[in-house]
Amino acid sequence: ISDSMKVWDKDSSSRNLIPRLQKVRKNYLSMNKYNVTYKRKRNAAKLSPEKLLCQLRDRVNITMIQGSDSPFDTSEWQQYLPGKSLNETVGHLGHCAVVSSAGSLRSSHLGQEIDSHDAILRFNGAPIKGFEEDVGQKTTIRLVNSQLVTVEEQQFQREALYNTGILIVWDPAPYHAEIHEWYKKPDYNFFDSYKLYRSTHPEQPFYILNPKMQWQLWDILQENSPEQIQPNPPSSGMLGIVIMMTLCDKVDVYEFLPSKRQTDICHYYQKFHDRACTMGAYHPLLFEKNLVKHINQGTDEDIYIHGKATLPGFRNVRC
Ligand code: C5P
């Protein structure tokens, strides 16, 4: 291992971002679209990785919307929401993989390694076809954002890519909102598209992520950052990581902490370049990566060579 094996610094600061991304962060801070009222605790002691894992386990309550959750407790919604809980659907999962969509997955040859896991989580429109060598071919869960389900509704309803595995959709909610308030005014009104998909694919499990967990997770990200983080929900990537930590014994996360293949190419499946995809613009992605590096139980070599971080499942965390 050479001295040049540089991996993600867990204390990365927004000061080291390119000027454009510094400005974007400041703009989101002043916009405060979700009315975040969090008061920063000064000099809050930095938590050890062990304590941080306990905070994540105990404070981030991952649940899916159920038919008993008001205002979904109507006879209409009972037809659409899955009858079984996510836990019942997936069962007890052992070794899991979370596959970010980063451009650095290109030419990684990680496909076999990724497929060797018991369950695999992918994001949004990330394809498999044509990329098996680098990203594998199994999908157990696909986490999609509400923007994809509404703005790209045609593709979402049509493309075979979405028909494999369990779907989970999430939508940004205001910081203090109760489910009722969010339901009346979601960021993207995905409910009709969700219902349509459910009626055309009744056998495929498709859940709506309870939005409460976004801000429970965001609070922990903010508390453990020495500067203000973007007052917007965490990225799909970070949400997916925590979802898998609740379902699995152990979670390998690929190319969230960039490997030696780090690139400004946004996604492995597109040609588009934008550093924001890796460093964050809307999402507090820089701070998410600081946290994941802090609690990583794998080696720097695994990050550098395989883009792999290894996190324990919550059921293996002792507090
Ligand atoms: O872009 P999209 O949200 O579909 O990508 C899935 C997730 O992968 C992101 O939310 C982010 O956490 C992660 N990602 C990344 N670096 C990239 C692209 C995506 O860390 N270049």
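Residues numbered from 1 in each chain as written. Predicted model: local features only at pLDDT ≥ 70, side-chain atom pairs only at ≥ 80, totals over all residues. Heavy atoms only, no water.

Ordered by their spatial adjacency, 7 strands build an open sheet running S5-S4-S3-S2-S1-S6-S7, and the pairing between neighbours is mixed. In the strand order of this sheet, the two ends are held by strand S5 (206–208) and strand S7 (308–312), each with one partner. Ignoring strand direction, the axes of neighbouring strands in this sheet form an average angle of 20 degrees. Pairing of strand S1 (residues 93–99) with strand S6 (residues 248–254) involves 6 bridges; the strand directions are parallel. Directly across from Val99, in S6, lies its bridge partner Tyr254. (Pairing = 2+ DSSP bridges. Helix = DSSP H or I, 4+ residues; strand = E, 2+ residues; numbered from the N terminus. Axes fitted to C-alpha atoms, helices over the stretch in contact; angles between N-to-C directions.)

As a matter of local geometry, the ligand sits amid 15 residues, with Asn124, Ser235, His267, Thr278 and Lys289 nearest to it. The contact in question runs from an oxygen atom of the ligand to an N or O atom on the side chain of Asn124, over 2.8 Å. The separation between an oxygen atom of the ligand and a polar side-chain atom of Ser235 is 2.9 Å. More than half of the atoms of the ligand fall within 2 Å of the grid points belonging to the largest pocket. (Near = heavy atom within 4 Å. Polar contact = N/O pair within 3.5 Å; in protein donor to acceptor, adjacent residues only side chain to side chain. 1 Å grid on protein atoms, 1.4 Å probe; cavity = no way out; pocket = protein on both sides within 12 Å on 5 of 7 lines; lining within 4 Å. Sits in = over half its atoms within 2 Å of the grid points.)

So, on to the confidence of the model for the chain. The predicted model of the chain has a mean per-residue pLDDT of 96, with 98% of residues at 70 or higher. Model confidence for the complex is summarised by a pTM of 0.98, with the ipTM given as 0.99. (pLDDT = per-residue confidence, 0-100.)

Note the cis peptide between Ser70 and Pro71, where omega equals 5 degrees. Although it is not a glycine, Ser107 sits at a positive phi angle of roughly 60 degrees. In this structure, Ser107 sits in the loop between S1 and helix H5 (111–115). Of note in this structure, Glu255 is not a glycine but carries a positive phi near 55 degrees.

As a further point, take the pattern of salt bridges. Evaluated as defined, the whole model comprises 14 salt bridges. For the salt bridge of Glu223 with Arg59, the shortest nitrogen-to-oxygen distance reads 2.9 Å. A residue pair is termed long-range when its members are at least 10 positions apart, and Glu223 in helix H11 (residues 212–223) and Arg59 in helix H2 (residues 49–59) qualify at 164 residues. Judged by relative accessible area, Glu223 falls into the partly exposed class, the value being 24%. (Salt bridge = Lys/Arg side-chain N within 4 Å of Asp/Glu carboxyl O. Buried < 20%, exposed > 50% of the residue type's maximum accessible area, 1.4 Å probe, protein only.)

This part is about the pairing of S7. The element S7 is extensively covered by neighbouring structure, given that 5 of its 5 residues are classed as buried. Neither face of S7 is left uncovered, since the one carrying Lys308, Thr310 and Pro312 and the one carrying Ala309 and Leu311 both have all their residues buried. In this sheet, S7 lies alongside S6 in antiparallel orientation, the contact comprising 5 bridges. The residue of S7 that forms the bridge with Val253 is Ala309.

A few words now on helix H1 (residues 19–31). The end-to-end C-alpha distance of H1, which contains 13 residues, comes to 18 Å, matching closely the 18 Å that a straight helix rising 1.5 Å per residue would cover. Looking at the residues trailing H1, positive phi occurs at Asn32, about 45 degrees. (Expected span 1.5 Å × (residues − 1).)

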